[in-house]
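If you want the building blocks of each chain, they are given just below.
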Amino acid sequence: MRILVTGATGFIGRRLIPALLDAGHRVRVLLRPDVRNPCLPPGQPVEVALSRLDDRSGLQAALAHVDAVVHLATGEHRGPRGRALYPVDVAGTRHLAAAAHRGVRVVVYLSHLGASPTAAYPVLRAKGLAEQALRQAATHFPTTIVRVGPVVGPGDHFVRPLARWVRTWPAGWPLPLPGGGSTLVHPLWLEDLVAALLVLLEEPAFWGRVYELGGPEHLTLHEVVQALQAHLRRPHPLVAMPPLLARWATFWLHNLWPGFPFHPYWLDYLATHRTADPDTLPREFGILPERLTALLPLILPREAPA
Ligand SMILES: NC(=O)c1ccc[n+]([C@@H]2O[C@H](COP(=O)([O-])OP(=O)(O)OC[C@H]3O[C@@H](n4cnc5c(N)ncnc54)[C@H](OP(=O)(O)O)[C@@H]3O)[C@@H](O)[C@H]2O)c1
């Protein structure tokens, strides 16, 4: 298949590209016009399409002769300061859905557990609206929606900021966690996600459905931080911080301190328990997912900086 990947330069896209090529697919990446060099994995034979996500004819050209689309572009990880969440995730997805032609056999969209057009939290609402736009276009092509919690791997957006927080917090000081870290999260190993995406793309029986995927364990944020502390050998007493105070502090620190590891959208991931059935990956995809604790040495080699 010829597969167009948006967001190919991101954390998940950079790993997905070599996996698609290894599986024998032809890969076209959609890059936005930019003066910076794209952060693509080196040495990969990909076709490149240059277009903004609001350029209808540019998107149509990028989609020419494409069989499948994996839509990963997002503005969420730049935080509210980036002002890119709605333009990229919602409007960008609407433009892509409008530009996609009938020859596209499937669109795979990576969303968040808890996504809903009526969600109270910006990231979950944006993802819900993007899903809605793709579902409305589904008369032209099936859309498979894959909802996941935090995807973990080297350079991720979940473990890495938490590890920086744990590493930089002064030794012995109580380390605050929003709500005491009682929220349940459902981490998923990047390699397990990529393996599932390959199965989804290649097997039409999976098309046009919604999957909620996660790893083998539901963990509280408290348990994740404790595992990180043990791995990094940075013990601190953990204390509860009221969630509203955590939002307020994150808003100001994100705006005033460029190196602050969290942004307000990051707290959306912890706003509610977001878990999936841990049996879905083994049962439906034949994948036995990895545990976060077993992965920490791979994600955060002790000698490397966070
Ligand atoms: N990572 C997770 O834990 C997680 C969990 C659940 C769902 N997801 C979803 O999975 C998808 C991929 O996530 P990720 O972690 O790989 O994201 P990421 O690392 O932040 O990468 C974002 C990608 O989107 C591209 N992008 C940003 N603005 C763009 C624009 N205006 N036009 C075109 N491309 C643009 C970026 O390109 P540049 O390099 O040019 O900036 C980059 O390639 C997202 O939809 C995300 O919501 C991720």
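Report on the accompanying structure. Given the structure is predicted, the values throughout are model-derived calculations rather than measurements. (Residues numbered from 1 in each chain as written. Predicted model: local features only at pLDDT ≥ 70, side-chain atom pairs only at ≥ 80, totals over all residues. Heavy atoms only, no water.)

With respect to the overall build of the protein
Each helix and strand counted, the protein has 11 helices and 13 strands in total. Whereas a compact globule of 306 residues would reach a radius of gyration of roughly 19 Å, the protein reaches 19 Å, a difference of no more than 12%. Along the longest, intermediate and shortest principal axes, the C-alpha atoms of the protein span 60 × 40 × 40 Å. A burial count over the protein gives 52% of its 306 residues as buried. Once local pairs closer than 6 in sequence are excluded, the contacts in the protein between residues at least 24 apart make up 77%. Total accessible area computed for the protein in this model is approximately 13,600 Å², and 57% of it derives from carbon and sulfur atoms. (Helix = DSSP H or I, 4+ residues; strand = E, 2+ residues; numbered from the N terminus. Rg over C-alpha atoms; globule rule 2.2 N^0.38 Å. Buried < 20%, exposed > 50% of the residue type's maximum accessible area, 1.4 Å probe, protein only. Contact = heavy atoms within 4.5 Å. Areas by Shrake-Rupley, 256 points an atom, 1.4 Å probe, with all protein chains shown as cover.)

Quick notes on the packing of helix α5 (residues 159-168) against helix α7 (residues 221-232)
Packed helix pairs are characterised by how far apart their axes lie and by the angle those axes make with each other. Here α5 crosses α7 at 60 degrees, and the two axes come no closer than 10 Å. Seen along the crossing, α5 lies across α7 with a hand that is right-handed. Packed against α5, whose contacting residues are Val159, Leu162, Ala163, Val166 and Arg167, the element α7 presents Leu221, Val224, Val225, Leu228, Gln229 and Leu232 at the interface. (Axes fitted to C-alpha atoms, helices over the stretch in contact; angles between N-to-C directions. Left-handed = near helix turned anticlockwise from the far one by under 90°.)

A short note on the sheet that holds strand β1 (residues 2-6)
Reading across the sheet, the 7 strands line up as β3-β2-β1-β4-β5-β6-β11 and stay open at both edges, with parallel pairing between neighbours. Every interior strand has two partners, whereas the edge strands, β3 (47-50) and β11 (210-213), have only one. Across this sheet, the average inter-strand angle for adjacent strands is 20 degrees, counted without regard to direction. Here strand β6 (residues 143-148) pairs with β11 via 4 bridges, running parallel. Paired with Val146 across the bridge in β11 is Tyr211. Helix-sheet contacts for helix α1 (residues 13-22) involve β1, β2 (26-31) and β4 (68-71), and the interaxial angle to β2 is about 155 degrees. Across the sheet, helix α4 (residues 122-136) is in contact with β5 (106-112) and β6; its angle to β5 comes to roughly 165 degrees. (Pairing = 2+ DSSP bridges.)

Regarding the nonpolar core
Soluble globular proteins tend to pack their nonpolar side chains together in the buried interior. Grouped together as the largest cluster of nonpolar side chains are 38 residues, with contacts concentrated most on Val146, Leu193, Leu213 and Phe285. Tallying contributions element by element places helix α6 (residues 190-202) first for this core, with 8 residues. Non-local contacts of Val146, meaning those with residues more than four positions away in its chain, are made with Val108, Tyr109, Leu110, Ser111, Leu193, Leu197, Leu200, Tyr211 and Leu213. Core analysis: the second largest hydrophobic core is formed by 37 residues, Val159, Val166, Ala227 and Phe260 among them. (Core = buried A, V, L, I, M, F, W, Y, C linked by side-chain atoms within 4.5 Å.)

Things to note about the packing of α1 against α6
Running from N to C, α1 and α6 point in directions that differ by 45 degrees, and their axes come no closer than 10 Å. As judged from the angle between their axes, α1 and α6 are oblique. The chirality of how α1 crosses α6 is right-handed. Judged by residue contacts, Arg15, Leu16, Ala19 and Leu20 of α1 engage Leu190, Glu191, Val194, Leu197, Leu198 and Leu201 from α6. Across the contact of α1 with α6, the residue classes break down as 8 nonpolar, no polar and 2 charged. (Parallel < 35°, antiparallel > 145°, perpendicular 65-115°, else oblique. Nonpolar A, V, L, I, M, F, W, Y, C, P; charged D, E, K, R; others polar.)

With respect to unusual backbone geometry
With a phi close to 60 degrees, His65 is a non-glycine residue in the positive phi region. As for its placement among the helices and strands, His65 is situated in the loop between α2 (56-62) and β4. The backbone of Arg233 shows a phi angle near 55 degrees, a positive value even though the residue is not glycine. Mapped onto the elements of the fold, Arg233 is located in the loop between α7 and β13 (238-241).

Some remarks on the site of the ligand
In the vicinity of the ligand lie 24 residues, with Thr9, Arg32, Glu76, His77 and Arg78 positioned nearest. For the ligand, an oxygen atom lies 2.5 Å from a polar atom in the side chain of Thr9. A distance of 2.8 Å is found between an oxygen atom of the ligand and a side-chain nitrogen or oxygen belonging to His77. Taking 900 Å² as the accessible area of the ligand by itself, protein coverage stands at 87%. Here the ligand occupies the largest pocket. Each residue belonging to the shell around the ligand can be placed in one class, and the counts come to 11 nonpolar, 9 polar and 4 charged. (Near = heavy atom within 4 Å. Polar contact = N/O pair within 3.5 Å; in protein donor to acceptor, adjacent residues only side chain to side chain. 1 Å grid on protein atoms, 1.4 Å probe; cavity = no way out; pocket = protein on both sides within 12 Å on 5 of 7 lines; lining within 4 Å. Sits in = over half its atoms within 2 Å of the grid points.)

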